Number of protein chains: 2
Amino acid sequence: MLELWELRGKNDCRYSTFSWRTRLALLHKRLAFELRPVSASDKEAIRFSGQDKVPIIRDGARVVSDSWKIACFLEEQYPSRPSLFGGEVGRNLTQFFNLWADRELIPMLVPPLMLDVLACVEDKDAAHLRSRIEGIFKRKLEELSAERTKSLDQFRKRLAPVRKMISDTPFICGRNPAYADYIVFGALQWARVVSTEKMLQEDDILAPWFERVLDLYEGAGRRERSRQERMEQAA
Amino acid sequence: MLELWELRGKNDCRYSTFSWRTRLALLHKRLAFELRPVSASDKEAIRFSGQDKVPIIRDGARVVSDSWKIACFLEEQYPSRPSLFGGEVGRNLTQFFNLWADRELIPMLVPPLMLDVLACVEDKDAAHLRSRIEGIFKRKLEELSAERTKSLDQFRKRLAPVRKMISDTPFICGRNPAYADYIVFGALQWARVVSTEKMLQEDDILAPWFERVLDLYEGAGRRERSRQERMEQAA
């Protein structure tokens, strides 16, 4: 059975935006897998992978890390399963979309979400994540967080071309979802799991699209409790 | 026979970046077509299309303008010919790529190229193009042109994800070229036709890719003389 390592926070929440891409990719391929949750600071648990980040999958003797490499591995290894890219042209263009999302979309979510993330993980993980993000951005999280409104506004603006893609079709990839859908889904699912703030405005055409992806694969995305739901259940 | 309206400048040069996308799309589909060159200010010649920009194609009774709409039309109308998008996923992701190029790539070429463009067209066309571009950017062309170095630098930087796409495959779309290749080609062909300045540095992995696309379809792109070639022939 395939295994997927992903991050776990308090109350067993699974908040890694990149691991959500992989989780939906595995479901898309109709592959059975077991989840191996790991805390952000527990580098010992994933040392076998030869690097220090999730997602990681193990498929028999093969260990693959990095969500994009995993998607390409799955596509090559399981060509008879539903395609993540819809062929070679789609593969190269999905790579472009993936690079765009990592560079233009995900960083815009760090200011509005990162303090929320820290509240969702154990103290030692919070310290680890803080130092990693502050190292990447070369600024204190509180400074980044002060730009949350501006940054969220940017995030919404940058989604404009994605809205055009779903103006004719129910999914970003067309009549059916594919990997590019899971890339954007991973961003919004991250927000849903760690924060009560709405990333999309109510009249955003992407809001019903997000609900559709939450429902896929017997509601795999929706079964993960949102921050809101966890707060209500604790109250 | 299909007809394609495109811009013509001095010495019969064909410099429209968007028309080059369409021209290669028609060649990709192995469709015979006749070129209908038109000068930038001659709106009378294209009034039949109900709008004022090229490219425009006429296919029997159908008239379609806007390079993206033309590509979608050709793909739908000629499904048995080689695909421009490689399927539905590829179509939606090519739309994203097209939007990205129009928003992030083409505007970066206006400061380094626009004064060169004016030198390649008749006076009345130059006046028309100047007023259109100055209207869009809300600045004088000379002001824009002062930023040519910075802007060209941005253009090259923004191509970084495209370079990743061709790190494994000869074309942006994989082993074979498809519409996303023609989008980037259109940008560089525009530069080649109107300017002697090199848009790509010599060691850029995109430089040999551009040569490959110039050679496609019996050298259709290369047969169009570069500014350099026109200057040498005039000397």
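Going by the structure above, here's the rest.
Quantities reported herein were computed from a predicted structural model and do not represent experimental measurements. (Residues numbered from 1 in each chain as written. Chains lettered and ligands numbered in written order. Predicted model: local features only at pLDDT ≥ 70, side-chain atom pairs only at ≥ 80, totals over all residues. Heavy atoms only, no water.)

Asker: Please explain the interface of chain A and chain B as it appears in this structure.
Answerer: Where interface size is quoted, it is often the accessible area lost as the parts come together. Between chain A and chain B, the contact holds 30 residues from the first and 30 residues from the second. For the pairing of chain A and chain B, the buried interface totals around 2400 Å² over both sides, and the portion due to carbon and sulfur atoms is 63%. When the area that chain A buries against chain B is broken down by residue, the three leading residues are E88, L93 and F96 of chain A, summing to 28%. Across the contact surface, chain A and chain B share four salt bridges. A salt bridge links R91 of chain B to D168 of chain A, with the nearest nitrogen and oxygen atoms 3.9 Å apart. At the surface where chain A touches chain B, the tally comes to eight residue pairs in polar contact (both at pLDDT 80 or more). Breaking the side of chain A that touches chain B down by element, the ones donating at least two residues are helix 3 (88-119) and helix 7 (160-165) of chain A. Element by element, the count of residues in the side of chain A that touches chain B is highest for helix 3 of chain A, at 13 residues. Taken together, the residues of the side of chain A that touches chain B sort by class into 16 nonpolar, eight polar and six charged. (Contact = heavy atoms within 4.5 Å. Buried area = accessible area lost by both parts, 1.4 Å probe. Salt bridge = Lys/Arg side-chain N within 4 Å of Asp/Glu carboxyl O. Polar contact = N/O pair within 3.5 Å; in protein donor to acceptor, adjacent residues only side chain to side chain. Helix = DSSP H or I, 4+ residues; strand = E, 2+ residues; numbered from the N terminus. Nonpolar A, V, L, I, M, F, W, Y, C, P; charged D, E, K, R; others polar.)

Asker: How should the nonpolar core be read in this particular structure?
Answerer: In a soluble, globular protein the nonpolar side chains are often hidden away together inside. Among the nonpolar cores identified, the biggest contains 167 residues, and Y15, F97 and W209 of chain A together with Y15, F97 and W209 of chain B are the most heavily contacted of them. Ignoring sequence-local partners within four residues, the contact set of W209 of chain A consists of I166, P170, F171, I172, D181, V184, F185 and L188 of chain A. (Core = buried A, V, L, I, M, F, W, Y, C linked by side-chain atoms within 4.5 Å. Buried < 20%, exposed > 50% of the residue type's maximum accessible area, 1.4 Å probe, protein only.)

Asker: Would you mind showing me how to read the relation of the copies chain A and chain B here?
Answerer: Copy one and copy two of the chain differ by a rotation about a common axis and a shift along it. For the pair chain A and chain B, the superposition axis carries a translation of 0.0 Å, the fit reaches an RMSD of 0.0 Å, and the rotation angle comes to 180°. Taken together, the rotation and translation describe the operation of a two-fold axis. Looking at the rotation axis and the C-alpha trace of chain A, the residue lying nearest is G90 of chain A, at 2.1 Å. A share of 100% of interface residues in chain A that are also interface residues in chain B marks the association as one of identical surfaces. (Least-squares fit on C-alpha atoms with pLDDT ≥ 70 in both.)

Asker: Help me out: how do you make sense of the packing of aromatic side chains in this one?
Answerer: The description of two aromatic rings rests on the distance between their centres and on the angle between their planes. Taken as a whole, this structure holds 25 aromatic pairs over all chains when the rule is applied. Note on F97 of chain A and F96 of chain B: the rings are 4.8 Å apart at their centroids and 65° apart in plane angle, and the pair reads as edge-to-face. Of the two residues, F97 of chain A is situated in helix 3 and F96 of chain B in helix 3 (residues 88-119); the pairing between them involves two chains. Each member of the pair F97 of chain A and F96 of chain B is classed as buried. Members of the aromatic cluster, joined through ring pairs, are F96, F97 and W100 of chain A together with F96, F97 and W100 of chain B. A cation sits over an aromatic face here: R58 of chain A above F48 of chain A, 5.0 Å from the ring centre. The ring of F171 of chain A carries R212 of chain A above its face, with NZ or CZ at 5.9 Å from the centroid. (Phe/Tyr/Trp six-rings, centres within 6.5 Å; stacked < 30°, edge-to-face > 60°. Lys NZ or Arg CZ within 6 Å of the ring centre and 35° of its normal.)

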